[in-house]
2 protein chains.
Amino acid sequence: MKRVYNFSAGPATLPEEVLKEAADEMLDFQGTGMSVMEMSHRSKAFDKIIKDAEQDLRDLMGIPDNYKVLFLQGGAHLQFAMVPMNFMKNGVADYIVTGNWAKRAWKEASKFGKANCVASSEDRNFSYIPDCSDLPIDDDADYVYICQNNTIYGTQFHTLPNTKGKTLVADVSSCFLSEPVEVEKYGMLYGGVQKNIGPAGVVIAIIREDLITEDVYPNTPTMLQYKTHADKESLYNTPPAYGIYICGKVFKWLKKMGGLSAIKERNEKKASLLYDFLDGSSLFKGTAEKDSRSYMNVDFVTGDKELDAEFVKEAEAAGLAGLKGHRSVGGMRASIYNAMSVEGVEALVKFMKEFEKRHSK
Amino acid sequence: MKRVYNFSAGPATLPEEVLKEAADEMLDFQGTGMSVMEMSHRSKAFDKIIKDAEQDLRDLMGIPDNYKVLFLQGGAHLQFAMVPMNFMKNGVADYIVTGNWAKRAWKEASKFGKANCVASSEDRNFSYIPDCSDLPIDDDADYVYICQNNTIYGTQFHTLPNTKGKTLVADVSSCFLSEPVEVEKYGMLYGGVQKNIGPAGVVIAIIREDLITEDVYPNTPTMLQYKTHADKESLYNTPPAYGIYICGKVFKWLKKMGGLSAIKERNEKKASLLYDFLDGSSLFKGTAEKDSRSYMNVDFVTGDKELDAEFVKEAEAAGLAGLKGHRSVGGMRASIYNAMSVEGVEALVKFMKEFEKRHSK
Ligand SMILES: Cc1ncc(COP(=O)(O)O)c(C=O)c1O
Ligand SMILES: Cc1ncc(COP(=O)(O)O)c(C=O)c1O
Ligand SMILES: [Mg+2]
Ligand SMILES: [Mg+2]
Ligand SMILES: [Mg+2]
Ligand SMILES: [Mg+2]
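Residues numbered from 1 in each chain as written. Chains lettered and ligands numbered in written order. Predicted model: local features only at pLDDT ≥ 70, side-chain atom pairs only at ≥ 80, totals over all residues. Heavy atoms only, no water.

- You'll find chain A entered in an unreviewed UniProt entry as Phosphoserine aminotransferase, with Qiania dongpingensis given as the organism.
- Check the Subunit (unreviewed entry) section of the UniProt entry for chain A; it says "Homodimer." (UniProt positions renumbered as here; feature names shortened; annotations may be inferred.)

This is the structure:
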């Protein structure tokens, strides 16, 4: 058994000890005589798994009591529709378009009402976060939507936008639990868990209770109404139980690591290792503008496509996997989520240094 | 490590060798240095996993080339909306209501058009399958819908309804791969995998290609259009990758077991063991009418609620888990899906005999 350093943008690396525990419990979860995969979602054992997961998440993030935590299916993409179908009470919402996923969410929302694009960074290939201190927020806007960390472009909101009193909704898929959050500042935050938390197939949505109503877009499917899931504590129908179980283990791992302040420190250290090297490199260059840089996804290029491809190939062979950038940016992307160790990033920087030496003219 | 005999209706028992393999591969899938949970869904390794899974399923069921196989999220419940949103081109559909899940599907469909209930067995608490040889099928019906095996009530269609030429759509969640199927007789068949195939969080839909069009209910979310997923071979967005991987292993296990004819034989043997005992028992009584009996879910009662509860409790203690019946029927339910062994059913019958002896007056 060898493990590589996995820089994939998602699904992504998970803590080794979580995987070990899951392997150990695969045939017999804590004396139940069955795998969590085989367990009724109405059983006592699973009830404890999902309740513990929720409580640990509440502890980690300091989620106020007037927020519901929902475990959902359908990926972040289904939220692109559920958010407007549930929240566009006036039929209006403002979108800040800082990347591919924000753009998709905006386009999807326009099916259900007036979805304004109030700011965009598409003019420079989404390489920065626009100034959001004084945006033309619509008086009738039911919410203002952001994608807080742009997985593809390696940019991140370091200050939340001024929503002028409107409800903030954020896709935090790729920065979930990477640092402490002030949940109160959001009406809703949600993310697919497959980057920072667990296996693909689970979405966690954290929603202020007063936003969860029956007043939804006409003929919204039952499964697409937050109220359906909130009323039944995520057990309206069979939940993605095994995924939730793994998420629960990651929450416990995070607690053991010291919680979100500690993980933030570690994430900043990892990001600095990479960005500091990039800023001093004669071969590699970061693609995101400096003050918009993401702590989770670090995009870089050599400026020569063939050399980029060579780098990805050699890195792969050296046990540094998943470094190919998204086609929208090209080059390389190192995703350094919570479960990536400092050693992993050090190994990457070391490899980049050697590669640079070999390829400097 | 001890394993119980798990008669849960779903999530449900899985083949032990599948779980063992999954445990072995948890930290390093076939030399990739990562878990399948950690693997990009765009990677070569995962591409092979999902393609192999689809091919093995096609082999097992003999799925014709003009049918798409989709791996979806949202549970069977999301299909209750997706089916009418995608297929009600004339705005009409006929539903045969033989249980709770068929009824829910019917109610949900009525949001999107005229959903007729053309037959029902609710008059006798869904304990039988009505005669469907000459139903008042609507001339404009876009499809006729059935739930082929009624998990809760332990009934099953042993003959498909006469749809008078209309497209048949079937929820096969709880009889998926339990016997050979003539896929050509259906326009679509689908099921949540969490009973006969894998962990909750994956739905498999098998749809005749000509039914997959852009002509859908107004403002259907992108994620709820079959075309979205069909055009991208289930990789429009991040799929429930780990679940699909387990399903793939179960398909390989089924092939090794001899395919669907062999598994049908085993399933009939298991069901006969139970039904034969029930028919001769002085204490226990099956609740489904004889010619409608399910091969997958066997419902029975003693006629005394306290005794039923006592039975479930003692069985649990004896390593026979998940026997409590659904509240709509009460009593007991033994779900004996593909992965339940003949020995498991024999152990249950043995226990029932002993219990009967102890409690006969
Ligand atoms: C920030 C962000 N939002 C949304 C998505 C789409 O997620 P999903 O594939 O679960 O629909 C992704 C990723 O892949 C993402 O990175
Ligand atoms: C036949 C059948 N259809 C639909 C469902 C609902 O499935 P899900 O919980 O995945 O929505 C179930 C089960 O639980 C079922 O047995
Ligand atoms: Mg907080
Ligand atoms: Mg992005
Ligand atoms: Mg066939
Ligand atoms: Mg039923």
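1. Considerations on helix H9 (residues 342-359) of chain A
In step 1: Over its 18 residues, H9 of chain A runs 26 Å from end to end, which matches the ideal 26 Å to within 8%, given 1.5 Å per residue.
In step 2: Every buried residue of H9 of chain A is accounted for by Val342, Gly344, Val345, Leu348, Val349, Phe351, Met352, Phe355 and Glu356 of chain A. (Helix = DSSP H or I, 4+ residues; strand = E, 2+ residues; numbered from the N terminus. Expected span 1.5 Å × (residues − 1). Buried < 20%, exposed > 50% of the residue type's maximum accessible area, 1.4 Å probe, protein only.)

2. Let's talk about the coordination of the magnesium ion (ligand 5)
Residues and elements named next belong to chain B.
In step 1: For the magnesium ion (ligand 5), every protein donor is listed as Met61 (O) and Val181 (O), and the spread of their distances is 2.4 to 2.7 Å. Of this pair, Met61 sits in helix H2 (residues 44-61) while Val181 sits in the loop between strand E8 (168-171) and strand E9 (188-192), placing them 120 residues apart in sequence.
In step 2: Taking relative accessible area as the criterion, Met61 reaches 5% and is therefore assigned buried. (Donors = N, O, S within 2.8 Å, 3.2 Å for Na, K, Ca; no water.)

3. As for the sheet that holds strand E14 (residues 332-335) of chain B
In step 1: Pairing is antiparallel in the open sheet, where 3 strands are placed in the order E11-E12-E14 (chain B). Whereas interior strands pair on both sides, the edge strands pair on one side only; in this sheet they are strand E11 (285-286) and E14 of chain B. (Pairing = 2+ DSSP bridges.)

4. A look at the side chain of Ser173 of chain A
All names here are of chain A.
In step 1: Locating Ser173 in the fold gives a position in the loop between strand E8 (168-171) and strand E9 (188-192).
In step 2: At 2.7 Å, the side chain of Ser173 and the side chain of Asp171 are in polar contact.
In step 3: Filtering out sequence-adjacent residues up to four positions away, Ser173 remains in contact with Ala76, Tyr190, Gly191, Gly192 and Lys195. (Polar contact = N/O pair within 3.5 Å; in protein donor to acceptor, adjacent residues only side chain to side chain. Contact = heavy atoms within 4.5 Å.)

5. Quick look at the domain arrangement of chain A
Residue and element names in this part refer to chain A.
In step 1: Looking at the assigned domains, one finds that chain A contains domain 1 (29-256) and domain 2 (257-359).
In step 2: Look at where the C-alpha atoms of domain 1 and domain 2 centre, and you get two points 27 Å apart.
In step 3: With 29 residues of domain 1 at the contact, the number on the domain 2 side is 28 residues.
In step 4: Surface buried jointly by domain 1 and domain 2 totals about 2300 Å² across both partners, of which 52% is contributed by carbon and sulfur atoms. (Domains from an automatic or database assignment. Buried area = accessible area lost by both parts, 1.4 Å probe.)

6. Quick word on the pattern of salt bridges
In step 1: The tally for this structure, following the rule as stated, stands at 54 salt bridges over all chains.
In step 2: The shortest N-O distance in the salt bridge between Asp138 of chain A and Lys114 of chain A comes to 3.1 Å. On the criterion of sequence distance, the pair formed by Asp138 of chain A in the loop between strand E4 (114-120) and strand E5 (144-147) and Lys114 of chain A in strand E4 is long-range, its members being 24 residues apart.
In step 3: The shortest N-O distance in the salt bridge between Lys164 of chain A and Asp134 of chain A comes to 2.6 Å. Taken together, the residues Lys164 of chain A in the loop between strand E7 (155-156) and E8 and Asp134 of chain A in the loop between E4 and E5 connect sequence positions 30 residues apart.
In step 4: For Lys164 of chain A, a relative accessible area of 41% puts it in the partly exposed group.
In step 5: Residue Asp134 of chain A is classed as exposed on the basis of its relative accessible area, which comes to 60%.
In step 6: Residues participating in the shared-partner salt-bridge network are Arg3, Glu16 and Lys20 of chain A together with Glu38 of chain B. (Salt bridge = Lys/Arg side-chain N within 4 Å of Asp/Glu carboxyl O.)

7. A short note on the site of ligand 2
In step 1: In the vicinity of ligand 2, 15 residues are found, and the nearest of them are Asn237 and Thr238 of chain A together with His77, Thr151 and Asp171 of chain B.
In step 2: Chains contributing residues near ligand 2 are chains A and B.
In step 3: The side chain of His77 of chain B places a nitrogen or oxygen atom 2.6 Å from an oxygen atom of ligand 2.
In step 4: Separating an oxygen atom of ligand 2 from a side-chain N or O atom of Lys195 of chain B is a distance of 3.1 Å.
In step 5: Notes on ligand 2: free accessible area 390 Å², of which the protein chains cover 96%.
In step 6: The biggest single contributor to the shell around ligand 2 is helix H3 (residues 75-87) of chain B, with 4 residues.
In step 7: Within the shell around ligand 2, the residues separate by chemical class into 4 nonpolar, 9 polar and 2 charged. (Near = heavy atom within 4 Å. Areas by Shrake-Rupley, 256 points an atom, 1.4 Å probe, with all protein chains shown as cover. Nonpolar A, V, L, I, M, F, W, Y, C, P; charged D, E, K, R; others polar.)

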